[in-house]
Amino acid sequence: MSDLVRFEMVDETATVTLNNPDVRNALSVEMAGHLRDAVEQAEAADARCLVVQGSGATFCAGGDIGAMLEGVSEDVDIETRVQEYALPINRAVQTVAECPIPSVAKVDGPAFGAGAALAIACDVVLASERAKIGFGFRQVGLSVDSGTSHLLPRIVGENVAKELVYTGELVDTDRAHDLGLFNHVYPTDEFEQHTQEFIEQVATGPTLALTESKQLIENGSQRSIGEAIDAETAALKQTLVSADHAEGARAFAEQRDADFEGW
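Remember, predicted model here, so these are calculated numbers, not experimental data.

Rules behind the numbers
Residues numbered from 1 in each chain as written. Predicted model: local features only at pLDDT ≥ 70, side-chain atom pairs only at ≥ 80, totals over all residues. Heavy atoms only, no water. Patch = residues over 30% accessible without salt bridge, like charges linked within 9 Å, V, L, I, M, F, W, Y side chains within 5 Å. Areas by Shrake-Rupley, 256 points an atom, 1.4 Å probe, with all protein chains shown as cover. Salt bridge = Lys/Arg side-chain N within 4 Å of Asp/Glu carboxyl O. Helix = DSSP H or I, 4+ residues; strand = E, 2+ residues; numbered from the N terminus. Pairing = 2+ DSSP bridges. Axes fitted to C-alpha atoms, helices over the stretch in contact; angles between N-to-C directions. Buried < 20%, exposed > 50% of the residue type's maximum accessible area, 1.4 Å probe, protein only. Core = buried A, V, L, I, M, F, W, Y, C linked by side-chain atoms within 4.5 Å. Contact = heavy atoms within 4.5 Å.

## Notes on a nonpolar patch on the surface
- A surface patch of nonpolar side chains, amounting to about 300 Å² of accessible area, comprises Leu236, Leu240 and Val241.
- Among the structural elements, Val241 can be located in the loop between helix H10 (225–240) and helix H11 (243–253).

This is the structure:
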């Protein structure tokens, strides 16, 4: 794994760290490629929780402004600029969004543009009090990308999504929490403690049941109630024969905490 993206596996939790704080962890094409590799590595390692974070005081400042300026100043043709610069970053965010493992973004600082999309591509966003989030593609004269048009309205609704994109507002923690962009906001000096407790709760859960539930929730809005129940029934057939269901049922009856193995 490149120094630009660190991968660490501890107790079945895979942590992926964007590691270029000198440019506020901006998503270069190279970093985006390593981000995709890291997510695929987490899946191959049977991780039970995926954590995405940034090093330093920024989660991710978005796209690589240097590459944007290079494309403008050198008059690179549009197809090349899209295929070689923009698309790899978009695909990296897509890889995170489509990861079947329960995922958590740790946002301990600003998340902007494609970096904001990367944060909300995770299932849960945990933020410190110094975190901010903004979809300010307008600041560089660009339309939204990195899946923002899909991800953002699902959280805040279409009209608020348009507002955040039209204004480019850098949303503070209180408003981000109220809008549902941040699930939890913790005091900065307690951020690591609280996020670790949350992540451990996810990573020690019944992983098969959680991954099936993740897929059901993500697809539920596209189904009728009958179709949703049919899909839930199919998933239930998988989880009913799992070791974790047997353990969970026994633990519930015995009034103790379950020791889930993840399958």
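Moving on from the model shown.
## Re the sheet that holds strand S2 (residues 13–18)
- Ordered by their spatial adjacency, six strands build an open sheet running S1-S2-S3-S4-S6-S9, and the pairing between neighbours is mixed. Strands with a single pairing partner mark the edges of an open sheet, and in this sheet they are strand S1 (5–10) and strand S9 (184–186). The average undirected angle you get between the axes of adjacent strands in this sheet is 20 degrees.
- Judged from the six bridges that link them, S1 and S2 form a sheet pairing that is antiparallel.

## So, the environment of Ala228
- Position of Ala228 relative to the elements: it lies in helix H10.
- In the structure, Ala228 is positioned 11 residues away from Ile217 in sequence and 9.1 Å away in space, judged by C-alpha atoms.

## Some details on unusual backbone geometry
- Unlike most non-glycine residues, Arg24 shows phi in positive territory, near 55 degrees.
- For Arg24, a relative accessible area of 52% puts it in the exposed group.
- Within the chain, Asp46 stands out as a residue other than glycine whose phi angle is a positive 60 degrees.
- Within the secondary structure, Asp46 sits in the loop between helix H1 (29–44) and strand S3 (49–54).

## Looking at the pattern of salt bridges
- Under the defined criterion, the tally for this structure stands at 10 salt bridges.
- Between Lys162 and Glu158 there is a salt bridge whose closest N-O contact spans 3.2 Å. Pair noted here: Lys162 and Glu158 are both in helix H6 (residues 158–167), with a separation of four residues, about one helical turn.
- For Glu158, a relative accessible area of 53% puts it in the exposed group.
- Residue Arg256 is joined to Glu247 by a salt bridge in which the shortest nitrogen-to-oxygen separation is 2.8 Å.

## Quick notes on the nonpolar core
- The biggest cluster of nonpolar side chains holds 53 residues, and the ones touching the most others in it are Leu35, Leu50, Phe59, Ile133 and Leu181.
- Leu35 has contacts with Val5, Val16, Leu18, Leu27, Ala92, Val96 and Leu118, leaving out every residue within four places of it along the chain.
- By size, the runner-up hydrophobic cluster in this structure holds 11 residues, among which are Val104, Tyr186, Phe191 and Val202.

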